[in-house]
Amino acid sequence: MMVKAFKRGILLWMLLMGLVLFMPSLGLDLHAEEATNVTAPSNFSATVTQEDSDKYVKLSWSYDSPEYVISIERSDGDSNSFHVIENYYCNNPGTTYYTDYPEEGVPHYYRAHITSIYTYDEEYYYGYTTPVSGPYTPVIKCILPLNKPEIDSLEAGNSKSVTIKWKKQNDADGYAIYRKKGAAGEFQHVKTVGAKAKTTWTYENGESKELYSFTEKGLVLGAIYFYKVVPYVTYNGKKYYSSASDEKSVQTTINKTKIIRSSSTRKRTNTIKWKKVSAASGYMVYVSTKMNGKFKKIKTLKKNSKTTFTHKKLTNGKAYYYKIVAYRKTANGTITSESDVYMKFCSYYGYDRESYEARSRRIFGKNYYSGYSSAAEASSHMKTISIRVWDMNSAGIKYPKTVYLTVNEKIAPTVKQMFSEIFKSKERIPIHAIGGYSWRGGRSEHNEGLAIDINPVENYMIDDGVIQAGSFWSPKTNPYSIPLKCDMVKIMRKYGFYRGFWGNRKDYMHFSYFGT
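Rules used throughout
Residues numbered from 1 in each chain as written. Predicted model: local features only at pLDDT ≥ 70, side-chain atom pairs only at ≥ 80, totals over all residues. Heavy atoms only, no water. Pairing = 2+ DSSP bridges. Helix = DSSP H or I, 4+ residues; strand = E, 2+ residues; numbered from the N terminus. Axes fitted to C-alpha atoms, helices over the stretch in contact; angles between N-to-C directions. Buried < 20%, exposed > 50% of the residue type's maximum accessible area, 1.4 Å probe, protein only. Arc of directions from axis to C-beta. Contact = heavy atoms within 4.5 Å. Salt bridge = Lys/Arg side-chain N within 4 Å of Asp/Glu carboxyl O. Core = buried A, V, L, I, M, F, W, Y, C linked by side-chain atoms within 4.5 Å. Polar contact = N/O pair within 3.5 Å; in protein donor to acceptor, adjacent residues only side chain to side chain. Phe/Tyr/Trp six-rings, centres within 6.5 Å; stacked < 30°, edge-to-face > 60°. Lys NZ or Arg CZ within 6 Å of the ring centre and 35° of its normal.

Can you help me understand the sheet that holds strand 22 (residues 308-311) in this one?
Strand pairs in the sheet, formed through backbone hydrogen bonds, run parallel or antiparallel to each other. Pairing within the open sheet is antiparallel, and its three strands lie in the order 18-19-22. Looking at which strands have only one partner, the edges of the open sheet turn out to be strand 18 (259-263) and strand 22. On average, adjacent strands in this sheet sit at an angle of 20 degrees to one another, irrespective of strand direction. In this sheet, strand 22 lies alongside strand 19 (residues 270-274) in antiparallel orientation, the contact comprising four bridges. The partner of Ile272 across the bridge, within strand 22, is Phe309.

How should I be thinking about helix 5 (residues 487-494) in this particular structure?
Each turn of an α-helix holds 3.6 residues, which means side chains three or four residues apart point in the same direction. Buried residues of helix 5: Met488, Val489, Ile491 and Met492, and no others. One face of helix 5 carries all of its buried residues, which in axial projection span an arc of 165 degrees. Structurally, helix 5 contributes buried residues whose contacts are with helix 4 (412-424), strand 29 (451-454), strand 32 (498-502) and strand 33 (505-512). Directly after helix 5, the chain includes Gly496, whose backbone phi takes a positive value near 90 degrees.

Just checking my understanding: could you explain the sheet that holds strand 10 (residues 162-167) for this structure?
Reading across from one edge, 9-10-14-13 is the order of the four strands in this open sheet, with antiparallel pairing throughout. A strand with exactly one partner marks an edge of an open sheet, and here the two such strands are strand 9 (151-156) and strand 13 (200-204). Direction aside, neighbouring strands of the sheet carry axes that sit 30 degrees apart on average. In this sheet, strand 14 (residues 207-216) lies alongside strand 10 in antiparallel orientation, the contact comprising six bridges. Each bridged residue has a counterpart across the sheet, and for Thr163 the counterpart in strand 14 is Thr215.

When you look at the pattern of salt bridges in this model, what are you seeing that I'm missing?
A side chain of one charge can pair with a side chain of the opposite charge when the charged atoms of the two come close. A complete count under the given rule lists 18 salt bridges for this structure. Ionic pairing is found between Arg493 and Asp352, a salt bridge with its closest N-O pair at 3.8 Å. One end of the pair, Arg493, is in helix 5; the other, Asp352, is in the loop between strand 25 (342-345) and helix 2 (356-364), with 141 residues separating them in the sequence. The exposure class assigned to Arg493 is partly exposed, which follows from its relative accessible area of 44%. Among the residues examined, Asp352 registers a relative accessible area of 30% and is labelled partly exposed. Note that Lys494 and Glu421 form a salt bridge whose closest N and O atoms lie 3.1 Å from each other. Highlighted residues: Lys494 in helix 5 and Glu421 in helix 4, separated in sequence by 73 residues. Relative accessible area serves as the criterion here: at 43%, Lys494 is assigned to the partly exposed category.

Would you mind showing me how to read the nonpolar core here?
Buried together is how nonpolar side chains tend to be arranged in soluble globular proteins. Formed by 35 residues in total, the largest nonpolar core has its most connected members in Val415, Met418, Phe419, Ile454, Met488, Met492 and Phe497. Among the elements of the structure, helix 2, strand 26 (382-392), strand 27 (398-408), helix 4, strand 29 and helix 5 are those that each provide at least two residues to this core. Among the elements that make up this core, the one with the highest residue count is helix 4 (five residues). Among all residues touching Val415, those that are not within four sequence positions of it are Ile385, Leu405, Val407, Ile452 and Phe497.

Any chance you could explain unusual backbone geometry here in plain terms?
Working note: non-glycine residues mostly have negative phi, and peptide bonds are mostly trans. Its identity is not glycine, yet Asn236 carries a phi of approximately 55 degrees, on the positive side. Mapped onto the elements of the fold, Asn236 is located in the loop between strand 15 (224-235) and strand 16 (238-241). By relative accessible area, which is 71% here, Asn236 ends up exposed. The backbone of Asn455 shows a phi angle near 45 degrees, a positive value even though the residue is not glycine. Mapped onto the elements of the fold, Asn455 is located in the loop between strand 29 and strand 30 (459-463).

Whenever I open this one, the side chain of Arg74 confuses me. Can you help?
Relative to the helices and strands, Arg74 resides in strand 3 (residues 68-76). Among the polar contacts made by the side chain of Arg74, one reaches the side chain of Asp100 at a distance of 2.8 Å. Every residue in contact with Arg74, bar those within four places of it in the chain, is listed here: Ser81, Phe82, His83, Ile85, Asp100, Pro102, His108, Tyr109 and Tyr110.

Honestly, the packing of aromatic side chains in this entry has me stumped. Any pointers?
Pairs of aromatic rings are described using the distance from one ring centre to the other and the angle between the two planes. Counted according to the given criterion, the structure contains 23 aromatic pairs. Centre to centre, the rings of Trp166 and Tyr175 are 5.8 Å apart; their planes meet at 65 degrees, and the pair counts as edge-to-face. Given a relative accessible area of 0%, Trp166 falls into the buried group. Clustering of aromatic rings is evident, with ring pairs tying together Tyr356, Phe364, Tyr369, Tyr372, Phe497, Tyr513 and Phe514. Cation over ring: Lys180 sits above Phe226, and NZ or CZ is 5.2 Å from the ring centre.

Right, here's the structure in full:
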């Protein structure tokens, strides 16, 4: 009897457990009516967010069910082809967020609806899922913009042309260039440049830049043009344009000229010549005594055919910096275009800072020292000049005299001017013997008439303590010995003649144009 009662108890327990396990599916049917009033999520929005270089779409919505699944859909390029991008499980009522990373530059459309609700039975503590088909939220359009392009430069080049350069963007498939004439004009498309177009690399202020460029020709001279660059991406064969660059403007101008030649054919002058600019009305000449100094206008030439100017009253051996500004008057005012800065030493005479190339060109007409092959050839390039010097009689009284000195004809004006200043100096160092050109064979500036020996007996040549020529050098006791520091040495260096000091070998009598 007890066994039967036990068996009946077991069967009843199993029946009850089966009923409990069957309740969720049974509850689905029982509670189906409760799910028919599901509404669309409220406050549905899609906004672009950027953290550092990471851009994304942030979706948000609100719903009062504690647990539910929302289906998020997106259509790319238009609002007609939605597809599910996420079935998102939400386990808290209120505002919920979801992050999407769609393609940049393409318009995207979003919508969402509830697909199922989770419910819990408070008496038996079991839950069940109710599939539903809630209404869609309103469709929202959202675009992740391309990075804003940056115009690197906008320059008026040759007459009636403008060159625009802008930085390459990795997120763009190409760029459209727009231009308008004048601030009140309307932008017009002038060129589309694909991402595979040629680029150039530049390095400026520690930054390496990859640049696209485009040159537009045939513009109106003197007009002011505004440009902007608009990037785009291509999706399903269609171009989608993004935010334009900031506008930049430039005024078309005339060609800039170039200084092509310079000379100092007369003392204390520089003559410069530049290329003619056909569209110019004339030129303005500017000068500065420093490379980055303030430039001063010194001449206006009112004919475009006038392409030379002689600058006067200069200091020999001093550097002058020139630029030529071509100009023309237009309806939008006077337009100008300036040349690159050109440096010119006043170089009628030799000078201390004269370069090796300039010295070579002065003497040999070349950029290097060439010399002469024979005494006959050398003598044909020499000139004898008269110079005034001081000497001293047996009583120790200084007196002036004229001596003759043979030197290279190309350096003769320099030597004559140099000794003129030495003669006028207060020290009046006496000279009783002086020599210039002397054919000695081998390598010597005396062969070319570019070296001068003064008072050779009293200004010896000594090599590592051994006298090679002359007798002594004693400037403190002998007036014909030339001191290390004196007006004569300073003046000769001023005109480009250096004393013969080469390490342990010192030639106190010797002064030469190339320093050898």
